[in-house]
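Observations on the model geometry
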Amino acid sequence: MPEVVLTCDWTMMSNHNGKEFLGFGTTTPALVLPEAAYRRLFYPEMKTDADGHPQMAPYGLRKVEASLIDGGFDARIIHPSFLSRYMPGEAKVLLISGHDYLALNPPSTTFAGIMKKEPLNRVNFMRMMRQPHVVEARRRGMKIIAGGPCAWQLSPVTRQKLGWIDEFVREIGGIDTVVEGEADLYVREIVGKALRGEPLPEHVIIPPKEAPKVEQISTMRYASVNGLTEIGRGCCRGCSFCSVTQRPTRWYPLEKIEAELAINRSVGITDGLLHSDDVLFYGSPNIMPREEKILPLMQMAKKYYEHVGWSHVAVATLMTKPNLLPKIHDILCTGSQSWWGVEIGMETGSPRLITKAMPGKVAPFRASQWPELVVQAAGLLNDNSVYPACTFIVGLPQETEEDVIKTIDLFDDLWDFKAILVPMFFVPLGHLEKKDWFKRDMVTERQKELMTRALSHGIRQSRDLLNVFFENKEGFSGRAYRTAFASFIGFIEFIAREKGLMSEPKRDSRTPIESPLLHPERIPLPTIPVR
Ligand code: SF4
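Residues numbered from 1 in each chain as written. Predicted model: local features only at pLDDT ≥ 70, side-chain atom pairs only at ≥ 80, totals over all residues.

So, about the sheet that holds strand β4 (residues 143-146). Taken together, 6 strands build an open sheet; the order of strands is β2-β1-β3-β4-β5-β6 and the sheet is parallel. The outermost strands of the open sheet, each flanked by one partner alone, are β2 (75-77) and β6 (203-205). On average, each strand axis in the sheet is inclined to that of its neighbour by 20°, with strand direction left out of account. Bridge count between β4 and strand β5 (residues 177-180): 2 bridges; the pairing is parallel. (Pairing = 2+ DSSP bridges. Helix = DSSP H or I, 4+ residues; strand = E, 2+ residues; numbered from the N terminus. Axes fitted to C-alpha atoms, helices over the stretch in contact; angles between N-to-C directions.)

Below, the structure written as structure tokens:
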């Protein structure tokens with residue numbers, strides 16, 4: 001019986017039907033259809049053993065669990081439906097984690113703002129914390145420590161700004177400590193204090209300079225959701241709205257990554273994701289991809305997984321060495337794999353906004369080249385069977401109407417791009433954390449046009465992508481998945497048409513997407529030396 005229990009809510013303790021991208025569905029409210037239908041589509045129940053140990057758990061939680069076990073603590077991740085076995089009673093400390101506890105991050109804020117209803121992630125997190133056995137354990141003295149990428153949502157600062165969060169925290173009996181930052185090492189200190197009954201700090205922010213070194217980061221003990229395996233941490237591009245950029249860049253050696261791939265494979269995971277804030281930077285000390293580092297990593301991943309996907313990559317990184325992607329394609333798209341997915345922060349179509357808010361995003365190119373780079377990167381990606389989810393930010397403090405028009409123009413240029421374009425309301429993070437949230441009632445007509453264009457593009461492309469997406473699900477289950485999701489897309493289209501939220505490119509002559517491999521002269525390649 002563990003005395004330290006780690007958990008997260010049901011929307012996170014799921015493999016999202018084997019497709020990490022479907023996790024986005026947990027950031028929407030349950031509209032018209034019952035919550036159970038959304039659960040089936042986007043966050044089906046995770047399998048567990050009889051004691052509530054999940055077969056897979058979110059990667060970040062696995063890292064904290066491993067650190068505690070390595071530090072000699074009796075700690076385990078428990079499925080949220082099994083918490084009543086451990087509390088009130090054995091569990092002395094409850095560690096909670098999440099990506100977006102209270103739906104304050106993009107894209108939850110965007111969906112909640114438009115649909116005027118609480119997103120599923122918030123509903124499920126609050127439900128988990130309000131379970132009578134959790135509240136009773138808390139009343140009897142169980143310590144609660146909150147962490148994860150969205151820990152800031154429960155911090156005293158946010159609670160002061162948003163009274164409803166403060167009310168919720170009081171209702172569940174309070175949270176002892178909120179920890180922001182990379183807590184791989186600190187978690188042992190705070191849990192030790194909690195078990196010894198020492199006073200706990202209300203709020204801890206671990207500064208980037210205290211981020212753990214590679215050799216101090218534990219190797220996970222049990223499998224992660226969708227075989228997600230970290231290859232490194234940090235990003236050097238310096239975007240003003242991003243908190244990742246404040247951390248030092250660190251890359252794991254191949255052996256450390258391989259150990260985690262092997263753990264995932266040992267429980268039968270065949271499709272997995274490599275995670276970093278820019279996978280193509282693997283092993284690089286600067287903004288130039290290192291072919292001699294990235295290709296061996298892909299080859300190794302392919303030894304363990306039949307289907308390898310990536311978490312994130314940047315447009316400029318792709319375009320810095322455009323000949324690298326076909327080589328990676330030839331390694332990954334073998335056997336049963338014919339494509340892969342990745343998330344890309346495209347953010348805007350405006351070179352002006354790039355210069356103002358994210359100059360590092362475009363390096364080593366010029367900001368004026370940004371829309372052209374994005375269109376060519378789209379061609380490069382699709383030519384090499386990569387079908388991404390591309391995020392855009394709406395409502396940055398520096399944004400003007402002209403910037404929004406440029407993004408709409410870019411969407412029109414990407415009309416035939418096999419991808420999902422995801423506009424997200426600005427949330428004050430990173431260097432902009434003191435700015436205000438962007439809210440629904442602040443949406444201008446032009447921003448509304450941008451959102452409807454993205455929605456129309458998404459509905460159009462997602463029908464095509466459905467077959468690709470579920471290509472490895474054969475027989476009845478494959479047909480059932482395709483039918484269920486096709487019906488869901490049809491349902492979204494119906495609602496969008498009813499509400500006048502569909503729109504098409506207005507310009508007659510859209511820029512065709514062209515591969516830079518066919519037009520290498522169009523983007524001058526950088527001359528930054530590789531160190
Ligand atoms: S490129 Fe992405 S991860 Fe890096 S700083 Fe910018 S937004 Fe953050």
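Before going further, it helps to examine the sheet that holds strand β10 (residues 271-275). Pairing is parallel in the open sheet, where 3 strands are placed in the order β7-β10-β11. The sheet terminates laterally at β7 (229-230) and β11 (307-310), the two strands that pair on one side only. Bridge count between β7 and β10: 2 bridges; the pairing is parallel. Bridge pairing links glutamate 230 to histidine 275 in β10.

The domain architecture assigned to the protein chain consists of domain 1 (4-210) and domain 2 (228-522). Taking the mean C-alpha position of each, domain 1 and domain 2 sit 27 Å from one another. Contacts between the two partners involve 18 residues from domain 1 and, on the opposite side, 23 residues from domain 2. Grouping the constituent residues of the side of domain 1 that touches domain 2 by class yields 8 nonpolar, 7 polar and 3 charged. (Domains from an automatic or database assignment. Contact = placed C-beta atoms within 7 Å. Nonpolar A, V, L, I, M, F, W, Y, C, P; charged D, E, K, R; others polar.)

The next subject is the nonpolar core. In this structure, Val93, Val315, Leu373, Val374 and Ala377 are the most contacted members of the largest nonpolar core, which totals 130 residues. Sorting elements by how many residues they give to this core places helix α14 (residues 370-383) first, with 8 residues. Structurally, this core is a two-domain feature, drawing no fewer than three residues from each of domain 1 (4-210) and domain 2 (228-522). With residues near it in sequence (within four places) discarded, valine 315 still touches Ile344, Met346, Leu373, Val374 and Ala377. (Core = buried A, V, L, I, M, F, W, Y, C linked by C-beta atoms within 7 Å. Buried ≥ 20, exposed ≤ 12 C-beta atoms within 10 Å, placed from the backbone.)

Where helix α8 (residues 186-196) is concerned, the buried positions are Val187, Ile190, Val191 and Ala194. Angular distribution of buried residues about the axis of α8 spans 95°; they occupy a single face of the element. Those residues of α8 that are exposed and angled more than 90 degrees off the buried face are Glu189 and Arg196. The elements touched by buried residues of α8 are β1 (4-7), α2 (59-70), β3 (93-96), β4 and β5. The first or second residue beyond α8 is glycine 197, which carries a positive phi of 75°. (Arc of directions from axis to C-beta.)

Glancing now at the packing of helix α10 (residues 291-304) against helix α12 (residues 324-332). The interhelical angle for the contact between α10 and α12, taken along N-to-C directions, is 20°, at an axis separation of 9 Å. What the angle tells us is that α10 and α12 run roughly parallel. Regarding α10 and α12, the two cross each other, and that crossing is right-handed. Mapping the contact onto sequence places Glu291, Ile294, Leu295, Met298, Gln299 and Lys302 in α10 and Leu324, Lys327, Ile328, Ile331 and Leu332 in α12. (Parallel < 35°, antiparallel > 145°, perpendicular 65-115°, else oblique. Left-handed = near helix turned anticlockwise from the far one by under 90°.)

Of all the 5 residues making up β10, 5 are buried; the element is thus mostly covered by neighbouring parts of the structure. Going residue by residue along β10, you find Asp271, Leu273 and His275 tucked away on one face and Gly272 and Leu274 tucked away on the opposite face as well. Alignment of β10 against β11, held across 4 bridges, turns out to be parallel. Paired with leucine 273 across the strands is glycine 309, a residue of β11. Tracing the backbone out of β10, into α10 and back to the parallel element β11 gives a crossover that is right-handed. (Right-handed = clockwise from strand over helix to strand, strands pointing away.)

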